[in-house]
Amino acid sequence: SCKQPEEGKRHLADKVRKTKTSSEIKNNPFEVKINRKKFDVLGRKSKHDVGLPGVSRSKAVNKRKETLLKEYKQKNRCSKFIDRRFGEYDTKMAPEDKILQRFTMERQRVHEKKDVYNLNEEEELTHYGQSLAEMEKFNDVVNSDDESEEKGLLSAELTASHFGGGGGLLRKKALGEEEEGGQRAKSRQELIEELIQKSKQEKRERQVQREEAQELTEKLDQDWKNIQSLMVKKTPKADKQEEKPKLEEYDMMVRELGFEMKAQPSEKMKTPEELAKEEREKLQKLEADRLRRMMGEEVVEGAQSQIHFSADDLNDGFVLDKHDKKTLAYQEGSGEDDGHSDLESEQESENEEEEEASPKPKKTLSKEEVKAQQEAAKAELPYTFAAPESYNDLKDMLRGHTSDNQRLIVARTQKSNHPSLAVGNKLKLQKLFGFLLEYIGELATRSPPELSTIDKLIPEVYALCQMFPDAACKAMQSILGDAAHSMEETLEVKGHAAFPTLDMLIYLKVTALLFPTSDFRHPVTTPALLFISQALTKCPVRSLQDLTSGLVLCSLGVEYVSFSKRFLPELINFLVGTLHLAVQDKASLGYIVVPPFRASGKYSDLLVLSSSESCRSWSKKSLPLSATQQLDLGNDPDRDTHRLTCLSTCLDLVKRCCLLYKDLPSFTHIFQPIRTLLSKHLSTQTLPEPLQVSYRFVLIFCCFSALVFDKRKPIPLKLLTPKIVEVLDYGKKRGSTREEREKERLKHKYKREFKGALREIRKDSRFLAREKLNEVMNRDAERKRKVKELMGSLATQEGEWKSLKRKKK
């Protein structure tokens, strides 16, 4: 019971201590915090201040209210007027003080230095910024058209008569006449007439003076010309040439460079649509000329076509023709009198232009010449072609033409039916791409295959593929999909499939030319690569023709992975099997032969030579593509020649694979079968010299790549005794240069300022968030108040209405 009163007293004392007023805190000198500074630094913001606890925070809040809060409230407001008059926003100044101070500042602004010691307090009156006292002096210059030499010189009498009202002049005249003697005073009209006569007389005198001065000047010029010929002694021409200094080689080169041909401005870069339109117009014009020649009409030759210079053309390596004008060059010893060569050159150029502009007389052709011209026009290819609507239309268009003409027909068809020229041309050219692919396949299946025509058409197919990549992708996907489905169906039925025909091999080659092969996954090249791998695995080798097709597929596979360096195990297995076909003794093998090859038995000796005599006449050449379609080998020497060609191609592919996969970690394991086969089983004594060279290169490359160095423990670095530097001032970095210390100081200052800026930004954000929250709460409170008032008024009206209703009842 005794402890409860003591605890209550302590609690009451704490409560009283907490409820101290701010006035008590302000009056308490021990609550004041003083930050003293030793000395003032010019240009540095002072952080030392005197204040009370919590005062700095209130200052920051007030400062934000004056600046940030005002900007927030004035955001997105355009109707803002700022009164910039002195003292307008100063609430401590009285209105009379504001007006007096403004008047003082205005007087100080117009006050000049010359009036500093002027004790006269009278104000100077002005009109449009000019003093009225200065304007009354009439010092303005009067412009007169008649008086060109004496501008602004008017007599005092004329000025007084015109601008003084005539009264002063009359009084002056009257006084003068009275002084002369009692003569009759002249009237105002007489004085004016006398003044006019006097001014006219002065004008005539000035005109006479000017004429006399002009005559004297002309006479003086003529006399000077006569005297000048006597004063100057003209030296003969030969003496001038001898006295003229000889120019140096550098000066001559500089002058010659001044006369060199300058670069001509090129035309603007044209859009593809404009270029296509120009190409079509050109072809249409050429076709119209061809048709006129076929009809026997004469074709008027147009003007000389202008040569187009591109923006990148530096005009180097140009050749002058007969139409180019001669350039000027400096010649040593040329005199001043050149016979007006520049005028003669201009005259010659004008004559040349007139000759070019004048039409040449038409040459009449005989009947034989006209007939020959018609035949030549008929034999000439048309310049415009309509896009084929079907594959048969394309065949009819290209039938009977050479490979060059077929390429030209396809190119002109593209130009005549560009997508920018008409709406339906895009679909027509997309169909043309599919027709061309089908036509290439047909050319490959012919006997013999027309490979040169296919080679000529590939650039046009590439141009269409670049123009319509999506349509080209779908068309090629359709061809590859059909081939893959056909192979799968054959494998399901028979268990094995035949190698792709020549048309499919060409399609695979065209795919590598049209689409990128280095992509990780591509909608066209990835299925093509899978088809090649499946063919190398599932198609058995039963003849030299099958082996030729397989080697062509291997070459295509190397081409597909040349950029991406993707490992293709089917390729290595097929090359090992091909080399195995050339091994004579297959009893004990140090390697494994995988399908589609057999270790022994039928079709395992396809590359074994029948006799060594065929090696003498063999020469290295590429494997013909036509051998994949039809291979006619009637005797053993022909078969041995083809066997050596296949073996040479296989060794070349192995060489390319070694260079391609040399950086793989498993290179030794991959090429272990090839190294064993070449070093222990394949005899090269009976092979030709070119094959022996390839054999040695492959073997050496595989052997050197197989060498693996023993792993040794790395030699450690020498351990030196560390240099001990005694540091006396801990926390300070020593040993750095002045630039490094300055850099560290700036970094530290930057970090400090950056942290301070972030801190202020966070405080500003919190302040704005509080203000926004207060606005929302105030709006909600106001809305609740209004709703409450409305509900109260409605309740009152409802009560009144019910009371009235009860009274009526």
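So, how was this worked out
Residues numbered from 1 in each chain as written. Predicted model: local features only at pLDDT ≥ 70, side-chain atom pairs only at ≥ 80, totals over all residues. Heavy atoms only, no water. UniProt positions renumbered as here; feature names shortened; annotations may be inferred. Salt bridge = Lys/Arg side-chain N within 4 Å of Asp/Glu carboxyl O. Helix = DSSP H or I, 4+ residues; strand = E, 2+ residues; numbered from the N terminus. Buried < 20%, exposed > 50% of the residue type's maximum accessible area, 1.4 Å probe, protein only. Axes fitted to C-alpha atoms, helices over the stretch in contact; angles between N-to-C directions. Parallel < 35°, antiparallel > 145°, perpendicular 65-115°, else oblique. Left-handed = near helix turned anticlockwise from the far one by under 90°. Contact = heavy atoms within 4.5 Å. Nonpolar A, V, L, I, M, F, W, Y, C, P; charged D, E, K, R; others polar. Patch = residues over 30% accessible without salt bridge, like charges linked within 9 Å, V, L, I, M, F, W, Y side chains within 5 Å. Areas by Shrake-Rupley, 256 points an atom, 1.4 Å probe, with all protein chains shown as cover. Lys, Arg positive; Asp, Glu negative; His and termini not counted. Charge placed at Lys NZ, Arg CZ, Asp CG, Glu CD. Phe/Tyr/Trp six-rings, centres within 6.5 Å; stacked < 30°, edge-to-face > 60°. Core = buried A, V, L, I, M, F, W, Y, C linked by side-chain atoms within 4.5 Å. Polar contact = N/O pair within 3.5 Å; in protein donor to acceptor, adjacent residues only side chain to side chain.

As recorded by an unreviewed UniProt entry, the protein chain carries the name NOP14 nucleolar protein homolog (yeast) and is attributed to Astatotilapia calliptera. In the Subcellular location (unreviewed entry) part of its UniProt record, the protein chain is described as follows: "Nucleus, Nucleolus". According to the UniProt record, the Sequence similarities (unreviewed entry) comment for the protein chain is "Belongs to the NOP14 family."

S.K.: Run through the pattern of salt bridges, naming residues and quoting values.
M.R.: Within this structure, the stated rule accounts for 20 salt bridges. Note that Lys456 is salt-bridged to Asp404, the shortest N-O span being 3.3 Å. Residue Lys456 is located in helix H18 (residues 451–467), and its partner Asp404 is located in helix H16 (residues 403–416); the two are separated by 52 residues in the primary sequence. According to the relative accessible area criterion, Lys456 is partly exposed, its value standing at 33%. Two residues, Glu742 and Arg745, come together in a salt bridge whose shortest N-O distance is 2.5 Å. Note that Glu742 and Arg745 are positioned in helix H28 (residues 738–808) at a spacing of three residues, about one turn of the helix. Accessibility expressed as a relative area gives 44% for Arg745, which makes it partly exposed.

S.K.: Talk me through the packing of helix H22 (residues 544–560) against helix H24 (residues 636–660); I want residue IDs and the actual numbers.
M.R.: Between H22 and H24, the shortest axis-to-axis distance is 11 Å and the interhelical angle comes to 20°. By the angle between their directions, the pair H22 and H24 is classed as roughly parallel. The two elements H22 and H24 meet at a crossing, and its hand is left-handed. Where H22 abuts H24, its residues Leu544, Leu547, Thr548, Leu551, Cys554, Ser555, Val558 and Glu559 lie against Arg639, His642, Arg643, Cys646, Thr649, Cys650, Leu653, Arg656 and Cys657. Across the contact of H22 with H24, the residue classes break down as nine nonpolar, four polar and four charged.

S.K.: Go over a positive patch on the surface, please, and point to the residues and values.
M.R.: Taken together, Arg759, Arg762, Lys763, Arg766 and Arg770 make up a surface patch of like positive charges. With a relative accessible area of 46%, Arg766 lands in the partly exposed category.

S.K.: Pulling in residues and values, what's your account of the packing of aromatic side chains?
M.R.: The full count for this structure, using the stated rule, is five aromatic pairs. Where Phe567 meets Tyr661, the ring centres are 5.5 Å apart and the plane angle is 70°; that geometry is what we call edge-to-face. Here Tyr661 lies in the loop between H24 and helix H25 (667–670) and Phe567 lies in the loop between H22 and helix H23 (569–580), a separation of 94 residues in the sequence. For Tyr661, a relative accessible area of 0% corresponds to the buried category. Three or more aromatic residues joined by ring pairs make a cluster, and in this case those are Phe499, Phe574 and Phe597.

S.K.: Which residues make up the nonpolar core, and what are the values?
M.R.: Counting 108 residues, the largest nonpolar core has Leu508, Leu547, Phe574, Leu579, Tyr661, Phe671 and Leu678 as its most contacted members. Among residues more than four places away in sequence, those in contact with Leu547 are Val541, Phe574, Thr578, Leu581, Leu607 and Cys646.

S.K.: Describe the environment of Asp640, naming the residues involved and giving the relevant values.
M.R.: Within the fold, Asp640 resides in helix H24. Considered as a pair, Asp640 and Val608 are 32 residues apart in the sequence and their alpha carbons are 8.2 Å apart. For Asp640, the residues in contact, after removing those within four places along its chain, are Leu609, Ser610, Ser611 and Ser614. A polar contact is formed between the side chain of Asp640 and the side chain of Ser610, at a distance of 2.5 Å.

S.K.: Explain the side chain of Ser416 to me, and be specific about the residues and the numbers.
M.R.: With respect to the secondary-structure elements, Ser416 resides in helix H16. For Ser416, a relative accessible area of 12% translates into the label buried. A polar atom in the side chain of Ser416 sits 2.8 Å from the backbone oxygen of Arg412. Sequence-distant contacts of Ser416, defined by excluding residues within four places in its chain, comprise Arg280, Leu283, Tyr383, Thr384, Phe385 and Leu421.

S.K.: Help me get a handle on a nonpolar patch on the surface, residues and values and all.
M.R.: On the surface, Tyr750, Phe754, Leu758 and Ile761 cluster together into a nonpolar patch covering about 410 Å² of accessible area. By the element assignment, Leu758 lies in helix H28.

S.K.: Provide a residue-level description of the packing of H16 against H18, including the pertinent values.
M.R.: Contact geometry of H16 with H18 gives a least axis separation of 8 Å together with a crossing angle of 15°. By the angle between their axes, H16 is roughly parallel relative to H18. Between H16 and H18 the crossing geometry is right-handed. Counted together, Ser403, Asp404, Gln406, Arg407, Val410, Ala411 and Gln414 of H16 and Ser452, Thr453, Lys456, Leu457, Glu460, Ala463 and Leu464 of H18 form the full contact between these two elements. Per-class residue counts for the contact of H16 with H18 are five nonpolar, five polar and four charged.

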